[in-house]
Amino acid sequence: MAGPLKRIALFGATGSIGASTLDVVARHPDRFVVDALTAHSKVDDLVALCARFRPRVAAVADAAHYAALRDALAAADLPTQAMAGHEALAEIAADAHNDTVVAAIVGAAGVASTLAAASAGKRLLLANKESVVLAGELLMAAVAAGAATLVPIDSEHNAIFQCLPHRGGNADARDASVRRIVLTASGGPFRGWSRERLAGVTPEQACAHPNWSMGRKISVDSASLMNKGLEVIEAHHLFGVGTERIEVVVHPQSTIHSLVEYVDGSMLAQLGQPDMRTTLAVGLGWPERIEAGVAPLDLVAIGRLDFETPDSAAFPALGLAFEALRAGGSTPAVLNAANEIAVSAFLQRRLAFLGIPALIERTMERLPHLPSASLADRLAADAEARRVAASLLATMADATVRPA
Ligand code: NAD
Ligand code: MG
């Protein structure tokens with residue numbers, strides 16, 4: 001009944017989204033086979049997944065680990081072919097051996113494989129939001145040119161995808177019936193905290209999200225509200241909505257994953273557990289609904305749904321993202337790259353929590369706005385922003401930005 005087998009290429013297989021994807025895939029051997037698995041450098045984890053899912057090919061982005069991967073696959077007597085390097089990842093994303101690509105690499109490093117999958121007309125399950133922030137115009141052009149089907153995996157965008165009208169397989173908020181979209185935010189582990197209290201928070205506190213279990217980078221982004229900022233930019237590109245038609249509301253229960261408001265006053269919401277297997281099952285099965293292993297929601301146990309305005313003074317990152325989106329051009333790429341440097345420095349205890357938005361703001365002030373949307377220009381803006389942010393980091397000495 002399930003139709004022809006779908007052949008999955010999973011980018012970022014060793015991560016949090018990677019694990020949730022494979023959990024859903026393993027529930028449906030009649031629907032899915034794994035064609036390719038990729039990781040950054042964790043060879044042992046990748047080979048363990050290969051032993052379980054027996055893909056045609058496995059790749060590490062860091063080419064220094066190629067020999068280790070090849071030898072470990074051979075030692076495990078697996079038929080899987082080893083590949084390495086970012087060009088190999090883009091090649092796998094475009095390869096006709098697979099029809100469904102899960103883009104779950106963290107950071108702008110995912111952009112080449114994400115674009116390649118869109119151009120090749122794959123079904124693209126898109127979790128890698130940073131690549132949308134870096135090159136959203138190019139991505140949407142590649143989706144149109146390749147006639148790809150894009151299903152957002154970010155829970156908010158997946159909710160909006162489910163609530164919007166669909167044209168040619170893709171969700172579109174440009175329909176005259178749609179008034180605006182509302183992105184919900186949990187508020188993260190520091191919701192309600194003052195700037196003074198935020199000054200001393202640690203990576204462990206920032207990564208302890210109240211509702212979701214996720215990779216470390218997105219956990220810090222959720223704590224600073226930069227995650228919501230990146231998601232506003234993501235929504236703009238994915239659904240064709242301007243900033244004036246995007247609202248952000250804090251909703252601490254993370255039960256409503258986002259909403260669409262129509263001109264007749266109706267608001268459609270998608271509700272569910274904070275479990276990414278639901279959004280991945282939507283992406284894998286769409287337009288069919290498939291079992292995801294997720295427990296049903298108990299509305300009575302939840303009891304109430306609360307909503308608040310985000311605190312833009314304590315969490316300036318959200319405002320910076322709106323500012324970058326209004327500026328357009330290369331500015332969102334600069335915001336994203338500076339954030340990647342800032343989060344990594346925070347996780348290494350070289351930058352305080354409040355230093356994250358401070359470093360991003362200073363990097364944005366330093367760099368010119370470039371209107372070009374070419375990939376080469378965007379990658380150049382990304383590289384320049386990383387360089388500037390790294391050098392600013394070394395000069396930031398005041399107590400608000402240096403860890404105690
Ligand atoms: P993670 O850190 O758990 O996993 C990241 C994966 O990317 C790993 O497999 C890692 O090997 C790979 N990777 C890291 N750097 C790489 C590089 N330079 N080149 C190639 N591969 C690289 O991250 P995650 O939480 O699974 O998030 C993945 C993406 O999904 C992020 O863009 C995140 O914002 C988005 N997302 C995640 C969640 C979630 O619940 N985890 C929810 C919404 C969106
Ligand atoms: Mg999200």
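These notes cover the structure that comes with them. (Residues numbered from 1 in each chain as written. Chains lettered and ligands numbered in written order. Predicted model: local features only at pLDDT ≥ 70, side-chain atom pairs only at ≥ 80, totals over all residues. Heavy atoms only, no water.)

### Observations regarding the packing of aromatic side chains
Now for step 1: Using the criterion set out here, one finds four aromatic pairs in the structure.
Now for step 2: Relative to Trp 286, the ring of Phe 161 has its centre 4.9 Å away and its plane inclined at 65°; by these criteria the two rings are edge-to-face. Of this pair, Phe 161 sits in helix 7 (residues 155-163) while Trp 286 sits in the loop between helix 12 (276-285) and helix 13 (299-302), placing them 125 residues apart in sequence.
Now for step 3: Under the relative-accessibility criterion, Phe 161 is labelled buried at 0%.
Now for step 4: When the centroid spacing of 5.6 Å and the interplanar angle of 65° are considered together, the rings of Phe 346 and Phe 353 count as edge-to-face.
Now for step 5: The class of Phe 346 is buried, set by a relative accessible area of 2%.
Now for step 6: Relative accessible area serves as the criterion here: at 3%, Phe 353 is assigned to the buried category.
Now for step 7: The structure contains a cluster of three or more aromatic residues connected by ring pairs, namely Phe 190, Trp 193, Phe 346 and Phe 353.
Now for step 8: Of note, Arg 197 hangs over the ring of Trp 193, and the distance from its end group to the ring centre comes to 3.7 Å. (Phe/Tyr/Trp six-rings, centres within 6.5 Å; stacked < 30°, edge-to-face > 60°. Helix = DSSP H or I, 4+ residues; strand = E, 2+ residues; numbered from the N terminus. Buried < 20%, exposed > 50% of the residue type's maximum accessible area, 1.4 Å probe, protein only. Lys NZ or Arg CZ within 6 Å of the ring centre and 35° of its normal.)

### Digging into the site of ligand 1
Now for step 1: Around ligand 1 lies a shell of 23 residues, among which Thr 14, Ser 16, His 40, Glu 130 and Gly 215 are the nearest.
Now for step 2: Here Val 106 contributes a backbone N or O atom positioned 3.5 Å from an oxygen atom of ligand 1.
Now for step 3: Gly 215 is positioned with one of its backbone polar atoms (N or O) 2.9 Å from an oxygen atom of ligand 1.
Now for step 4: Here ligand 1 has 830 Å² of accessible area as a free molecule, and 87% of this is covered by the chains.
Now for step 5: Sorting the residues of the shell around ligand 1 by element identifies helix 1 (16-26) and helix 6 (129-146) as the ones contributing at least two each.
Now for step 6: The residue makeup of the shell around ligand 1, split by class, is 12 nonpolar, eight polar and three charged.
Now for step 7: Looking at the shell around ligand 1, you find at least three residues from each of domain 1 (6-153) and domain 2 (178-400). (Near = heavy atom within 4 Å. Polar contact = N/O pair within 3.5 Å; in protein donor to acceptor, adjacent residues only side chain to side chain. Areas by Shrake-Rupley, 256 points an atom, 1.4 Å probe, with all protein chains shown as cover. Nonpolar A, V, L, I, M, F, W, Y, C, P; charged D, E, K, R; others polar. Domains from an automatic or database assignment.)

### Considering the nonpolar core
Now for step 1: One finds Leu 139, Phe 190, Leu 198, Phe 239 and Leu 335 to be the most contacted residues of the largest nonpolar core, which totals 100 residues.
Now for step 2: Counting residues per element, this core draws most heavily on helix 15 (residues 331-347), at 10 residues.
Now for step 3: Residues lining this core come from more than one domain, with at least three contributed by each of domain 1 (6-153) and domain 2 (178-400).
Now for step 4: Residues Ile 8, Val 43, Val 60 and Leu 73 belong to the second largest nonpolar core, which totals 35 residues. (Core = buried A, V, L, I, M, F, W, Y, C linked by side-chain atoms within 4.5 Å.)

### Considering the pattern of salt bridges
Now for step 1: Tallying each qualifying case throughout the model produces 25 salt bridges.
Now for step 2: Arg 277 is the partner of Asp 23 in a salt bridge, and the nearest nitrogen-oxygen pair spans 3.2 Å. Of this pair, Asp 23 sits in helix 1 while Arg 277 sits in helix 12; the two residues are 254 residues apart in sequence, bridging distant segments of the chain.
Now for step 3: Among the residues examined, Asp 23 registers a relative accessible area of 28% and is labelled partly exposed.
Now for step 4: Under the relative-accessibility criterion, Arg 277 is labelled buried at 16%.
Now for step 5: Between Arg 304 and Asp 306 there is a salt bridge whose closest N-O contact spans 2.6 Å.
Now for step 6: What makes Asp 306 partly exposed here is its relative accessible area of 22%.
Now for step 7: Linked by salt bridges that have partners in common, Lys 129, Asp 154, Glu 156, Lys 228 and Glu 231 make up one network. (Salt bridge = Lys/Arg side-chain N within 4 Å of Asp/Glu carboxyl O.)

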